Amino acid sequence: MLLRLLMECANPNIPKYLDRNNRQPLSERKFFYFHNAYRDEANANGIEIPGGNANAISCKWSKLIRKEDIHKVEPFKPSYRFCFFKEIRKLKLERDYLNGQQHQGRHVLTAKIVHTPQPCNFAHIEILINHKIFDIKNGKKLFEETYTYLDWKNKNTILNGNDNKFFKGLRGDYRIEVIKLISRASSENNLKNNTLAIIGIL
Amino acid sequence: MNILDIILQSTASVTQGVPQHPPYIQCLVADRTSFNRENQANWDTLKEYFESLGNGALNQSESIVIPQETEKKINQVFGQLNYKSDSGKNMANELIKEMLSMGVSNFQLSTTGEGEFLIYTRSSDGSFRNVLIDENADIEIIFLPRDRTKTKNKYFFKEDGISLPGVIAALNGMR
């Protein structure tokens, strides 16, 4: 009963179809390459993200929300940035770490999309960091983890639990890649761009 | 605000009786005709030159007084950040003094989602120049143009020695 209450939206201004209403998250198989991740532009300066992080970037999934309703869900900003899922899947940052006692190897960061519905926003998705470490000599995978929002917030990850130059540089550069990735202005969200994405040109 | 704006503001401040420019600014004024971003070799040489001069200029910023309103905002931002050490705070204070000594006062203070102290300026073309200081006093500068796909960053680590005029010059040199 309590769980059900937590999943219900009490805000009457939110369109009914966005109410979670006890629905379960959708699987990754429902993500198509031409779908969009919409990101509200809470601040014009992309780096100023109060309450936000480089990991678990909150977005809205185009499959589950109408464009005209994006601004109805917090933070109520009329403009947004967006990118195509195909572009998120292409994001990859690779660096060799040779001098450390621990965590030596080839570090590869990629982005993983997960559907994480909220009570008033069934379209809510997060872009998480997937971190792999490979042995440089034989290519064997030594480590793999997809960091959750809580892992990141509590600094319980290799990537943000270490404060040396290598790890600071790696996570800083990943943040820059995410800013570059979610960069299209909402004014570019038009039929032409979406058609090009569907036929695989974008 | 780009580097030429800073030079022009600094030039104006002399006529208003504000303290003399740090030496690296004089060097920039003298060299502005030869300043050419297309020529990377010239730019690197020039940057290296005023970075070395800038080390001497750091002491000059000690006499700069941070305006009360700015200080209030600084303390507010520090309160949000909950830095565990003082080194990040000291670095932020020094950087703000340095900017004020250069005649740059149109900056905003805030935080990033990753818990860094954020100082930024916004240009009329919609671009942002950001300086991020973490609690270990390491610095990252980020140039965020209107076209975000061209966003750039650069790091300055405390363990390598940081020249604050060099940080500001590098940020203003980003296009």
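Residues numbered from 1 in each chain as written. Chains lettered and ligands numbered in written order. Predicted model: local features only at pLDDT ≥ 70, side-chain atom pairs only at ≥ 80, totals over all residues.

Caption draft 1: Seen up close, the overall build of chain B. What chain B contains, in helices and strands, is 6 helices and 5 strands. Going from the N terminus to the C terminus, chain B shows its helices and strands as α-α-α-α-α-β-β-β-β-β-α. Within chain B, the proportion of its 175 residues that are buried is 34%. Counting only contacts in chain B whose residues sit at least 6 apart along the sequence, the fraction spanning at least 24 positions is 56%. (Helix = DSSP H or I, 4+ residues; strand = E, 2+ residues; numbered from the N terminus. Buried ≥ 20, exposed ≤ 12 C-beta atoms within 10 Å, placed from the backbone. Contact = placed C-beta atoms within 7 Å.)

Caption draft 2: Spatial organisation of the overall build of chain A. Scanning chain A from terminus to terminus reveals 6 helices and 8 strands. Beginning at the N terminus, the succession of helices and strands in chain A can be written as α-β-β-β-α-β-β-β-β-α-α-α-β-α. A globule of 202 residues ought to have a C-alpha radius of gyration of about 17 Å, and chain A, at 18 Å, matches this closely. Along the longest, intermediate and shortest principal axes, the C-alpha atoms of chain A span 55 × 45 × 35 Å. For chain A, with 202 residues in total, the buried portion stands at 30%. (Rg over C-alpha atoms; globule rule 2.2 N^0.38 Å.)

Caption draft 3: Region of interest: the interface of chain A and chain B. Listed as interface residues are 19 residues of chain A and, on the opposing side, 21 residues of chain B. Of the residues assigned to the side of chain A that touches chain B, the class counts are 6 nonpolar, 8 polar and 5 charged. (Nonpolar A, V, L, I, M, F, W, Y, C, P; charged D, E, K, R; others polar.)

Caption draft 4: Seen up close, the sheet that holds strand β4 (residues 139-144) of chain B. All names here are of chain B. Across the sheet, which stays open at both edges, the 5 strands sit in the order β1-β2-β3-β4-β5 with antiparallel pairing between neighbours. The two strands at the open ends of the sheet, each matched to only one other strand, are β1 (108-111) and β5 (152-156). Pairwise comparison of adjacent strand axes, ignoring direction, gives a mean angle of 20 degrees for this sheet. Alignment of β1 against strand β2 (residues 117-122), held across 4 bridges, turns out to be antiparallel. Paired with Thr 111 across the bridge in β2 is Phe 117. (Pairing = 2+ DSSP bridges. Axes fitted to C-alpha atoms, helices over the stretch in contact; angles between N-to-C directions.)

Caption draft 5: The environment of A:Asp135, seen in detail. Residues and elements named next belong to chain A. Relative to the helices and strands, Asp 135 is located in the loop between β6 (124-134) and β7 (141-146). Considering only alpha carbons, one finds Asp 135 and Lys 72, 63 residues apart in sequence, at a separation of 47 Å. With sequence-adjacent residues up to four places away left out, Asp 135 is seen in contact with Gly 105, Lys 140 and Leu 142.

Caption draft 6: Spatial organisation of helix α5 (residues 165-181) of chain A. Across its 17 residues, α5(A) extends 24 Å between first and last C-alpha, which sits within 8% of the 24 Å expected from 1.5 Å per residue. For α5(A), every residue scored as buried is listed here: A:Phe167, A:Leu170, A:Arg171, A:Gly172, A:Tyr174, A:Arg175, A:Ile176, A:Val178, A:Ile179 and A:Leu181. (Expected span 1.5 Å × (residues − 1).)

Caption draft 7: Up close: the pairing of strand β2 (residues 57-61) of chain A. All names here are of chain A. Extensive coverage of β2 is indicated by the burial of 5 of its 5 residues. With 2 bridges joining them, strand β1 (residues 36-40) and β2 adopt antiparallel strand pairing. From the neighbouring strand, Tyr 38 faces β2, where its bridge partner is Lys 60. Bridge count for β2 against β6 is 4 bridges, and the pairing is antiparallel. Residue pairing across strands places Cys 59 opposite Ile 125, the latter belonging to β6.

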